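# Fold and contact review
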Amino acid sequence: MRVPRLIGLMAMDAREAAEKQGVLLAAPDRPDFHLTVVDYVVRQYPLPGAQVPRGAVVTVWFDLGEGEGGGGAGVREPRLPIPPPGGLRRELDEPGNAFELLR
């Protein structure tokens, strides 16, 4: 039997498709998988179309829901190498009296 494509399906649809194909689902990132309804499968193993025996376990992973830290911002700091201290002060002369040159 072949593993069904579960990526892109909601949890409840993925469970239904797996049951029809005769495979079992495991979701390590969702301990409450049997209650999960509208989260979408974003990854699966084995890949769709792989040949497996009836009753094999297909592992699926879901996207993070709201408030679960999805964000996608990633780690931004610290950046190395650290820029030298000084910023604009290092590049420009200290401001002085603008009218001093006119005297």
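See the structure shown above.
These lines cover the structure that appears in this document, whether it is placed above or below. (Residues numbered from 1 in each chain as written. Predicted model: local features only at pLDDT ≥ 70, side-chain atom pairs only at ≥ 80, totals over all residues. Heavy atoms only, no water.)

## Remarks on the overall build of the chain
Secondary structure assignment for the chain yields two helices and three strands. Taken from the N to the C terminus, the helices and strands of the chain come in the order α-β-β-β-α. Every one of the 103 residues in the chain was classed for burial, and the buried ones make up 23%. Once local pairs closer than 6 in sequence are excluded, the contacts in the chain between residues at least 24 apart make up 61%. Here the chain displays about 8200 Å² of accessible surface, and carbon together with sulfur accounts for 58% of that area. (Helix = DSSP H or I, 4+ residues; strand = E, 2+ residues; numbered from the N terminus. Buried < 20%, exposed > 50% of the residue type's maximum accessible area, 1.4 Å probe, protein only. Contact = heavy atoms within 4.5 Å. Areas by Shrake-Rupley, 256 points an atom, 1.4 Å probe, with all protein chains shown as cover.)

## A short note on the packing of aromatic side chains
The full count for this structure, using the stated rule, is one aromatic pair. Seen from their ring centres, F33 and F62 are 5.7 Å apart, and the 40 degrees between their planes marks the pair as tilted. Placement of F33 in the loop between β1 (24-26) and β2 (41-45) and of F62 in strand β3 (residues 57-62) is noted, with a sequence separation of 29 residues between them. Summarising the burial analysis for this pair, F33 and F62 share the class buried. Here the guanidinium or amino end of R15 rests over the ring plane of F33, the centre of that ring lying 5.2 Å away. (Phe/Tyr/Trp six-rings, centres within 6.5 Å; stacked < 30°, edge-to-face > 60°. Lys NZ or Arg CZ within 6 Å of the ring centre and 35° of its normal.)

## Notes on the pattern of salt bridges
By the definition in use, this model includes two salt bridges. The shortest N-O distance in the salt bridge between E16 and K20 comes to 3.8 Å. A residue pair is termed a helical-turn pair when its members lie 3 or 4 positions apart in one helix, as E16 and K20 do in helix α1 (residues 11-21) at four residues. We classify K20 as exposed; its relative accessible area is 64%. The closest approach of N and O atoms between R30 and D39, which form a salt bridge, is 2.7 Å. (Salt bridge = Lys/Arg side-chain N within 4 Å of Asp/Glu carboxyl O.)

## A look at the environment of V42
Locating V42 in the fold gives a position in strand β2. Taking relative accessible area as the criterion, V42 reaches 46% and is therefore assigned partly exposed. Leave out the neighbours within four places in its chain, and V42 touches I7, W61, F62 and D63.

## Examining the sheet that holds β3
Pairing between sheet strands relies on hydrogen bonds along the backbone, with the strands arranged either parallel or antiparallel. Reading across the sheet, the three strands line up as β1-β3-β2 and stay open at both edges, with mixed pairing between neighbours. Looking at the sheet topology across the chains shown, the edges are occupied by β1 and β2. Strand-to-strand twist across the sheet, computed as the mean angle between neighbouring axes with direction ignored, equals 35 degrees. (Pairing = 2+ DSSP bridges. Axes fitted to C-alpha atoms, helices over the stretch in contact; angles between N-to-C directions.)

Just geometry here; none of it tells us what the structure is for.
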